[in-house]
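Residues per chain are reported as follows:
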Amino acid sequence: MNSTGNDIVSLNAVDISRTLQPRFYSKILCATEISHHHQAGLTQIPFERYVWLLWSIKESAYKYLQRHNPNLLFSPTKFFVTRLEIPSENPLRLMEGVGFEECPVYKSIVTFGPESLYSRSLINQEFIFSVVNQTNDFENIHWGIKSIDNADPDHQSTEVRSFLMDKLDELLPYDDLSISKNTYGCPILLNGTNQINISVSLAHHGCWVAYSLQPQETLATISF
Amino acid sequence: MTKQEILNELKKVIAPYTTNKELLESINDQTDLIKDLKINSANLVDIIIDAEAKYDIEIDYDSADKMVNVGTCIDVISEKIKEKNEQHG
């Protein structure tokens, strides 16, 4: 299944005191995930950050699966994050890349019913960014994160599309590229009126926007 | 509560999470919280929590999943108010 899913959480746009209330986080995390934070050596991640990290992984997984299951509803507690690995403490320097080899990355496996997906997440003081994939190989996945100057929803939407288009113009030989949505609301790439076989995912929250893109084949073979 | 009364209160619950105040005034059953009101998905849990507090109800996971547009929000809230009233006889 070719797809991609990403999400970004602006840590300045979340209410930390509310996040720490059980009635709030229990609508995002299942009981095992809550106890896992205390029991599995994860307490070096502040709990509110843990909640939003798992949210971003689950939302990314939802976006990944929804492309092939349009009627899927996002139900955070039905997505289950396991095997969360924390990076050694290197500061995050890259804001765009292909794969995550050069990054201090959080890794996990997220399951939804019979589906298992792999995640990579990047965290700094201002955001949590996650991408999921069906395999544990992310070397062909392009991603980018960018700050914008205001959080108006129309501005976010314009900026994230412009950010992705700039990257696509670098990568692809097409001259009539555009980003559209299919009938189920998933972003798709068009060259003229023809859909291109590259999955893209867009995310925005507060003053941050992000994309991921997953070619079905290597970009070198798409180039003519 | 009538459907109209729930709708009027729901507008107040939603208001902090949308910048589209004009559309909020004219919402109908089909108005989608994310696509139309441009509410960030990260705020959907806030809306559920605020609705629980506003109506003194508890919204379970399966019901929360359905709250994607104004009509389904009203249906869920209406159902939970009814359940609460039945429990309190």
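Whatever comes next refers back to the structure up there.
The sections below set out a description of the structure shown in this document. (Residues numbered from 1 in each chain as written. Chains lettered and ligands numbered in written order. Predicted model: local features only at pLDDT ≥ 70, side-chain atom pairs only at ≥ 80, totals over all residues. Heavy atoms only, no water.)

**Notes on the overall build of chain B**
Step number 1: The secondary structure content of chain B amounts to five helices and zero strands.
Step number 2: Written out in order from the N terminus, the α and β elements of chain B read α-α-α-α-α.
Step number 3: Whereas a compact globule of 89 residues would reach a radius of gyration of roughly 12 Å, chain B reaches 12 Å, a difference of no more than 12%.
Step number 4: The proportion of buried residues among the 89 residues of chain B is 49%.
Step number 5: Here the analysis covers contacts within chain B between residues at least 6 apart in sequence; of these, 51% occur between residues at least 24 apart.
Step number 6: Total accessible area on chain B stands at roughly 4,700 Å², and carbon and sulfur atoms take up 47% of it.
Step number 7: With 11 positive and 19 negative side-chain charges, chain B shows a spacing of 4 Å between the two charge centroids. (Helix = DSSP H or I, 4+ residues; strand = E, 2+ residues; numbered from the N terminus. Rg over C-alpha atoms; globule rule 2.2 N^0.38 Å. Buried < 20%, exposed > 50% of the residue type's maximum accessible area, 1.4 Å probe, protein only. Contact = heavy atoms within 4.5 Å. Areas by Shrake-Rupley, 256 points an atom, 1.4 Å probe, with all protein chains shown as cover. Lys, Arg positive; Asp, Glu negative; His and termini not counted. Charge placed at Lys NZ, Arg CZ, Asp CG, Glu CD.)

**Focus: the nonpolar core**
As a rule of thumb, nonpolar side chains are buried together in soluble globular proteins.
Step number 1: In this structure, Tyr50(A), Trp52(A), Leu53(A), Trp55(A), Phe79(A) and Val110(A) are the most contacted members of the largest nonpolar core, which totals 36 residues.
Step number 2: Counting residues per element, this core draws most heavily on helix α4 (residues 47–66) of chain A, at twelve residues.
Step number 3: Among residues more than four places away in sequence, those in contact with Trp52(A) are Val9(A), Val14(A), Thr19(A), Phe24(A), Ile128(A) and Ala42(B). (Core = buried A, V, L, I, M, F, W, Y, C linked by side-chain atoms within 4.5 Å.)

**Some words on unusual backbone geometry**
All names here are of chain B.
Step number 1: In this structure, Lys 38 takes a positive phi of about 55° despite not being glycine.
Step number 2: By relative accessible area, Lys 38 is classed as partly exposed at 38%.
Step number 3: Phi at Asp 56 is positive, roughly 55°, even though this residue is not glycine.
Step number 4: Within the fold, Asp 56 resides in the loop between α3 (44–55) and α4 (61–65).

**Points about the sheet that holds strand β9 (residues 187–191) of chain A**
Strands in a sheet are paired, the pairing made by backbone hydrogen bonds, and the direction either parallel or antiparallel.
Residue and element names in this part refer to chain A.
Step number 1: The three strands lie next to each other as β8-β9-β10, forming an open sheet whose pairing is antiparallel. Every interior strand has two partners, whereas the edge strands, β8 (177–181) and β10 (194–195), have only one.
Step number 2: Here β9 runs beside β10; their pairing, made up of two bridges, is antiparallel. For Leu 190, the partnering residue across the bridge sits in β10 and is Gln 195. (Pairing = 2+ DSSP bridges.)

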